[in-house]
Amino acid sequence: MEAAPAVRTFSRSSSSSAGARSCRVLAGPAPRRARALATPPPPRVVASSRAPIVVSSPPPPAASGPPATAPGHTKIDRSGRFCSPRAARELALMVSYAACLEGADVVRLFDRRISARREPGYVFDKSCLLSYNHMSFGGGPLEVGTEEEAEKLTAQNEKDSANEAEVLSAPPKLVYNNFVLRLSRELLVAVASGWDKHVEIIEKIIPQAWKDEPVARILELCILHIAMAEMTSKGTPHKVVINEAVDLAKRFCDGGAPRVINGCLRTFVKDHVDNTGASQAAESKA
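What counts as what
Residues numbered from 1 in each chain as written. Predicted model: local features only at pLDDT ≥ 70, side-chain atom pairs only at ≥ 80, totals over all residues. Heavy atoms only, no water. Helix = DSSP H or I, 4+ residues; strand = E, 2+ residues; numbered from the N terminus. Buried < 20%, exposed > 50% of the residue type's maximum accessible area, 1.4 Å probe, protein only. Contact = heavy atoms within 4.5 Å. Areas by Shrake-Rupley, 256 points an atom, 1.4 Å probe, with all protein chains shown as cover. Arc of directions from axis to C-beta. Polar contact = N/O pair within 3.5 Å; in protein donor to acceptor, adjacent residues only side chain to side chain. Phe/Tyr/Trp six-rings, centres within 6.5 Å; stacked < 30°, edge-to-face > 60°. 1 Å grid on protein atoms, 1.4 Å probe; cavity = no way out; pocket = protein on both sides within 12 Å on 5 of 7 lines; lining within 4 Å. Points joined across faces, edges and corners; volume = space filled by probe spheres on them. Nonpolar A, V, L, I, M, F, W, Y, C, P; charged D, E, K, R; others polar. Axes fitted to C-alpha atoms, helices over the stretch in contact; angles between N-to-C directions. Parallel < 35°, antiparallel > 145°, perpendicular 65-115°, else oblique. Left-handed = near helix turned anticlockwise from the far one by under 90°. Salt bridge = Lys/Arg side-chain N within 4 Å of Asp/Glu carboxyl O.

## Some details on the overall build of the chain
Right, on to step 1. Counting its secondary structure elements, the chain contains 12 helices and four strands.
Right, on to step 2. Counting over 286 residues, the chain shows a buried share of 46%.
Right, on to step 3. Long-range contacts, defined here as pairs at least 24 residues apart, represent 80% of the contacts in the chain between residues at least 6 apart.
Right, on to step 4. For the chain, the computed accessible surface area is about 15,600 Å², with 55% contributed by carbon and sulfur atoms.

## Section: the environment of Leu 93
Right, on to step 1. One can find Leu 93 in helix H1 (residues 85–102).
Right, on to step 2. Under the relative-accessibility criterion, Leu 93 is labelled buried at 2%.
Right, on to step 3. Residues Leu 93 and Glu 220, 127 residues apart in the sequence, show an inter-C-alpha distance of 9.7 Å.
Right, on to step 4. Excluding residues within four positions of it along the chain, Leu 93 makes contact with Leu 219, Cys 222, Ile 223, Ile 226, Leu 248 and Phe 252.

## Here we look at helix H2 (residues 106–115)
Right, on to step 1. For H2, the full list of buried residues reads Val 106, Val 107, Leu 109, Phe 110 and Ile 114. End-on view of H2: buried residues confined to an arc of 165 degrees, all on one side of the axis. Residues Arg 108 and Ser 115 are exposed on H2 and point more than 90 degrees away from its buried face.
Right, on to step 2. Each element contacted by the buried residues of H2 is listed here: H1, helix H5 (172–175) and helix H6 (178–193).
Right, on to step 3. Between a side-chain oxygen at the N-terminus of H2 and the backbone nitrogen of Val 107 the separation is 3.1 Å; the capping residue is Asp 105.

## Comments concerning the packing of aromatic side chains
Each pair of aromatic rings is reported with the distance of its centres and the angle of its planes.
Right, on to step 1. By the definition in use, this model includes two aromatic pairs.
Right, on to step 2. For the pair Phe 82 and Tyr 132, a centre-to-centre distance of 5.5 Å together with 40 degrees between the ring planes defines the contact as tilted. Taken as a pair, Phe 82 in the loop between strand E3 (53–55) and H1 and Tyr 132 in the loop between helix H3 (127–131) and strand E4 (142–144) lie far apart in primary sequence, 50 residues in all. Each member of the pair, Phe 82 together with Tyr 132, is buried.
Right, on to step 3. Aromatic rings pair up to connect Phe 82, Tyr 132 and Tyr 176 into one cluster.

## Quick notes on empty space enclosed by the protein
Right, on to step 1. This model, assessed by the stated rule, comprises one cavity of 30 Å³ or more.
Right, on to step 2. The volume enclosed by the largest cavity comes to roughly 60 Å³.
Right, on to step 3. As for the largest cavity, its lining consists of Arg 89, Ile 223, Ile 226, Ala 227, Glu 230, Val 241, Glu 244, Ala 245 and Leu 248.
Right, on to step 4. Mapped onto the lining of the largest cavity, the elements with two or more residues apiece are helix H9 (218–234) and helix H10 (238–252).
Right, on to step 5. Of the residues belonging to the lining of the largest cavity, the class tally is six nonpolar, no polar and three charged.

## So, the packing of H1 against H2
Right, on to step 1. It is the contact of H1 with H2, at a shortest axis distance of 9 Å, that shows an interaxial angle of 110 degrees. Considering the angle they form, H1 stands roughly perpendicular to H2. The crossing of H1 and H2 is right-handed. Mapping the contact onto sequence places Leu 91, Val 95, Ser 96, Ala 98, Ala 99 and Glu 102 in H1 and Val 106, Leu 109, Phe 110, Arg 112 and Arg 113 in H2.

## Looking at the pattern of salt bridges
Right, on to step 1. By the definition in use, this model includes 12 salt bridges.
Right, on to step 2. As a salt-bridge pair, Arg 251 and Glu 164 come within 3.7 Å of each other at their nearest N and O atoms. Of the two residues, Arg 251 is situated in helix H10 and Glu 164 in helix H4 (residues 147–168); the sequence distance between them amounts to 87 residues. For the pair formed by Arg 251 and Glu 164, the shared burial category is buried.
Right, on to step 3. Ionic pairing is found between Arg 217 and Asp 254, a salt bridge with its closest N-O pair at 4.0 Å. Linking Arg 217 in the loop between helix H8 (208–212) and H9 with Asp 254 in the loop between H10 and helix H11 (257–273), this pair joins segments that are 37 residues apart in sequence.
Right, on to step 4. Looking at Arg 217, the relative accessible area reads 16%, which means it is buried.

Put into structure tokens, the structure is as follows:
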């Protein structure tokens, strides 16, 4: 049986014409053993990027009106584990990204992580899940009036980042319920089965800057693969998938990635999903 396509290294296409700088984006059959990327990716923010803090003088006046409400946190079921589709997409992204770095098959890596044994003495504090926020995005500089306020916000940022790192590195069965684990695996199976086709499409719709530095855009390309796979195999409404992909980019990527991903997916829907998405989804469910 032919090996399933893997999320692995980026390599230049050997079939490109002379002088062209086209590249194969996350392409190739599953390797027999994991291997690292040819060029290690630059340091990236694994948890949500935090906005820089700027001290301004004089302090801004207090805003009038009702106090702002706290951001909505992730849904947690009675067992104290994440139970939302957004959590499933985030888990699928983490596994896809790790598979790229290891040169592993996405589904096999997911199964290996689910069945991995915990280290002796490991204890996971479920209170971390209560303060974990899937809607925590980066942004522009935050202006505060005093150094004391700046230090307070900096300390809160560090606390939130440490909390997110604890959640994202915990054994999946302690963090996600069965619905999330099942949906995440289904997304990864769809990613693997549609990999080669989506590679060709991605090469045509991403900007040239991403083609020139694909290793630095692993997260962004994984988001595109997951979104395309969900639209073509799960039949999820296009707007929902695009919004979720943009939110993932806001949390885990930087710069103009959310805007680019939004444009790429809209192009994908217009050129490849509107006419064939319904039939592909029906075939996958048959």
